[in-house]
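# Fold and geometry: a report
What follows is each chain in one-letter form.
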Amino acid sequence: MPVYTCTTVKSTLSADIKASLAGEVTRIHSMINHVPGSYVNVVFHELAPDDVYTDGLPAQPLLINGWVRTGHPEAQSSQLVAEVAAAASRVTGIPARRVLVVIQNSPAHLAIEGGRVLPAPGEEEEWLRQQKDGV
């Protein structure tokens, strides 16, 4: 359900670091939002060095944009963004000042996964039951 897109300059992150970061983002999201890790999608997008700028100058930040369903408590969302940012810096070695994490949300009914409209937070069990039953 959630989608995290990690954008960096090409060759900033090795395959092992990408795998570790994806694992940490999945663990954190699953723990905080109480959903299975199989719900979490992490995508890496690499750009040429002359395609990323900060303050008008070429830069090498780690930009993480996440999408989640509207309805999670504010404290949970704040914890989520803080823990993802800390893990990103810890796992990649990129200084915290060069890591930007933004979590955006929209109502669950504006997204479809597996051909089905997503459930609102708290309604996952029924959604999974219906998926299992082929409803």
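Whatever comes next refers back to the structure up there.
Residues numbered from 1 in each chain as written. Predicted model: local features only at pLDDT ≥ 70, side-chain atom pairs only at ≥ 80, totals over all residues. Heavy atoms only, no water.

Now for the overall build of the protein chain. Looking only at helices and strands, the protein chain has three helices and eight strands in total. Taken over the C-alpha atoms alone, the protein chain extends approximately 50 × 30 × 25 Å along its principal axes. Of the contacts formed within the protein chain by residues at least 6 apart in sequence, a portion of 75% connects residues at least 24 apart. Of the roughly 7500 Å² of accessible surface on the protein chain, a fraction of 55% belongs to carbon and sulfur atoms. With 10 positive and 14 negative side-chain charges, the protein chain shows a spacing of 4 Å between the two charge centroids. (Helix = DSSP H or I, 4+ residues; strand = E, 2+ residues; numbered from the N terminus. Contact = heavy atoms within 4.5 Å. Areas by Shrake-Rupley, 256 points an atom, 1.4 Å probe, with all protein chains shown as cover. Lys, Arg positive; Asp, Glu negative; His and termini not counted. Charge placed at Lys NZ, Arg CZ, Asp CG, Glu CD.)

So, about empty space enclosed by the protein. With a probe scaled to a water molecule rolled over the atoms, the places where space remains empty come into view. Under the defined criterion, the tally for this structure stands at one cavity of 30 Å³ or more. Around the largest cavity sit M1, P2, H29, V35, Y39, V68, R69 and H72, which together line it. For the lining of the largest cavity, a count of residues per class yields five nonpolar, two polar and one charged. (1 Å grid on protein atoms, 1.4 Å probe; cavity = no way out; pocket = protein on both sides within 12 Å on 5 of 7 lines; lining within 4 Å. Points joined across faces, edges and corners; volume = space filled by probe spheres on them. Nonpolar A, V, L, I, M, F, W, Y, C, P; charged D, E, K, R; others polar.)

All right, on to the pairing of strand 1 (residues 3-9) then. A regular strand places its side chains on the two faces of the sheet in alternate fashion. The buried fraction of strand 1 is high, at five of seven residues. Alignment of strand 1 against strand 2 (residues 41-47), held across seven bridges, turns out to be parallel. Note that in strand 2 the partner of V3 across the bridge is N41. Running through helix 1 (residues 15-33), the crossover from strand 1 to the neighbouring parallel element strand 2 is right-handed. Sheet analysis places strand 1 next to strand 5 (residues 62-69), joined by five bridges and oriented antiparallel. Paired with Y4 across the bridge in strand 5 is G66. (Buried < 20%, exposed > 50% of the residue type's maximum accessible area, 1.4 Å probe, protein only. Pairing = 2+ DSSP bridges. Right-handed = clockwise from strand over helix to strand, strands pointing away.)

Attention now moves to the nonpolar core. Ranked by internal contacts, the top residues of the largest apolar core, which has 18 residues, are Y4, L62, I64, L80 and V84. Those elements giving two or more residues to this core turn out to be strand 1, helix 1, strand 5, helix 2 (74-92) and strand 6 (99-106). Ignoring any residue separated from it by four or fewer positions in sequence, one finds L80 in contact with Y4, I28, H29, I32, N33, V68 and I103. (Core = buried A, V, L, I, M, F, W, Y, C linked by side-chain atoms within 4.5 Å.)

Let us look at the side chain of H72. Locating H72 in the fold gives a position in the loop between strand 5 and helix 2. Classification of H72 as buried rests on a relative accessible area of 14%.

Moving on: the packing of aromatic side chains. Taken as a whole, this structure holds one aromatic pair when the rule is applied. Considering the side-chain rings of Y39 and W127, the 6.4 Å spacing of their centres and the 85 degrees angle between planes classify their relative orientation as edge-to-face. Separated by 88 residues along the polypeptide, Y39 in the loop between helix 1 and strand 2 and W127 in helix 3 (residues 124-133) bring together distant segments of the chain. W127 shares its class with Y39; the two are buried. (Phe/Tyr/Trp six-rings, centres within 6.5 Å; stacked < 30°, edge-to-face > 60°.)

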